[in-house]
Amino acid sequence: QVQLVESGGGLVQAGGSLKLSCAASGRTFSNYGMGWFRQAPGKDREFVAAITRSGGSTYYADSVKGRFTISRDNAKNTVYLQMNSLKPEDTADYYCAARSAPYLGVTVTTTSPQDFGSWGQGTQVTVSS
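None of these values were measured; they are calculated from a predicted model.

Visitor: What should I look at first to understand the pattern of salt bridges in this one?
Guide: Working definition: two side chains of opposite charge can pair if their charged atoms are close together. This structure, assessed with the given rule, holds four salt bridges. Between Asp 90 and Arg 38 there is a salt bridge; the shortest N-O distance is 2.9 Å. Linking Asp 90 in the loop between strand 8 (78-83) and strand 9 (92-99) with Arg 38 in strand 4 (residues 34-39), this pair joins segments that are 52 residues apart in sequence. Accessibility classification places Asp 90 together with Arg 38 in one group, the buried group. Across the pair Asp 90 and Arg 67 runs a salt bridge whose closest N-O atoms are separated by 2.8 Å. Within this pair, whereas Asp 90 is found in the loop between strand 8 and strand 9, its partner Arg 67 is found in the loop between strand 6 (58-60) and strand 7 (68-73), the two being separated by 23 residues in sequence. Considered together, Asp 90 and Arg 67 belong to a single accessibility category, that of buried residues.

In structure tokens form, the structure reads like this:
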């Protein structure tokens, strides 16, 4: 499995920005499609964004499209989530995740938590109104 550690969460006012990072270790990072999910209190974990192994294709939930950007640096074994124009409804714990096995693709339908096999511990994002 891939070991993942998120960072970059915090408290921000509505309209502000945060950039989350997720550092990977334990396996060849570039062999894994990656994703970001979030979970608000009392709610199910939901898909935010995903990126292919090369970083050439990205996919987003409708709720974040145009505001969030997922990217990766395979040389640094890190995936990022740039979050702009944050809203109070973006408040949640944010988790990065790696696909269940190497070389599995990431497509527009790779949005279920069951598609991912390795998870970080999460980083909290709070957006105040």
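We are not done yet, so read on.
Visitor: Any chance you could explain the nonpolar core here in plain terms?
Guide: Most often, soluble globular proteins have nonpolar side chains that are buried together. Trp 36, Val 79, Leu 81, Met 83 and Tyr 94 are the most contacted members of the largest nonpolar core, which totals 35 residues. For this core, the elements supplying multiple residues, two or more each, are strand 3 (18-25), strand 4, strand 5 (46-51), strand 7, strand 8, strand 9 and strand 11 (123-128).

Visitor: Help me out: how do you make sense of the packing of aromatic side chains in this one?
Guide: The description of two aromatic rings rests on the distance between their centres and on the angle between their planes. Under the counting rule described, the total for this entry stands at four aromatic pairs. Each ring, one from Phe 37 and one from Phe 47, has its centre 5.8 Å from the other, and the planes form 75 degrees; the classification is edge-to-face. With Phe 37 in strand 4 and Phe 47 in strand 5, the pair connects residues that are ten residues apart, well separated along the chain. A relative accessible area of 12% places Phe 47 in the buried class. Taken together, Phe 37, Phe 47, Phe 116 and Trp 119 form an aromatic cluster joined through their ring pairs. The aromatic ring of Trp 119 is capped on one face by Arg 45, whose charged end is 4.8 Å from the ring centroid. Across the ring face of Phe 116, the terminal group of Arg 99 is positioned such that the distance to the ring centre comes to 5.9 Å.

Visitor: Just to check I follow, could you spell out the environment of Thr 111 for this structure?
Guide: If you trace the backbone, Thr 111 turns up in the loop between strand 9 and strand 10 (116-119). C-alpha separation for the pair Thr 111 and Glu 46, spaced 65 residues apart in sequence, amounts to 8.2 Å. With sequence-adjacent residues up to four places away left out, Thr 111 is seen in contact with Phe 37 and Phe 47.

Visitor: Help me out: how do you make sense of the state of the cysteines in this one?
Guide: Structurally, a disulfide amounts to a covalent bond that connects the sulfur atoms of two cysteines. Evaluation of the coordinates by the stated rule reveals one disulfide. Shown here is the disulfide that connects Cys 22 with Cys 96, its sulfur atoms set 1.9 Å apart. Here the S-S torsion is close to 45 degrees, and the disulfide linking Cys 22 with Cys 96 is therefore right-handed. One end of the pair, Cys 22, is in strand 3; the other, Cys 96, is in strand 9, and 74 residues separate them in sequence. As far as burial versus exposure is concerned, Cys 22 and Cys 96 are alike and both buried.

Cut-offs applied
Residues numbered from 1 in each chain as written. Predicted model: local features only at pLDDT ≥ 70, side-chain atom pairs only at ≥ 80, totals over all residues. Heavy atoms only, no water. Salt bridge = Lys/Arg side-chain N within 4 Å of Asp/Glu carboxyl O. Helix = DSSP H or I, 4+ residues; strand = E, 2+ residues; numbered from the N terminus. Buried < 20%, exposed > 50% of the residue type's maximum accessible area, 1.4 Å probe, protein only. Core = buried A, V, L, I, M, F, W, Y, C linked by side-chain atoms within 4.5 Å. Phe/Tyr/Trp six-rings, centres within 6.5 Å; stacked < 30°, edge-to-face > 60°. Lys NZ or Arg CZ within 6 Å of the ring centre and 35° of its normal. Contact = heavy atoms within 4.5 Å. Disulfide = S-S within 2.5 Å.

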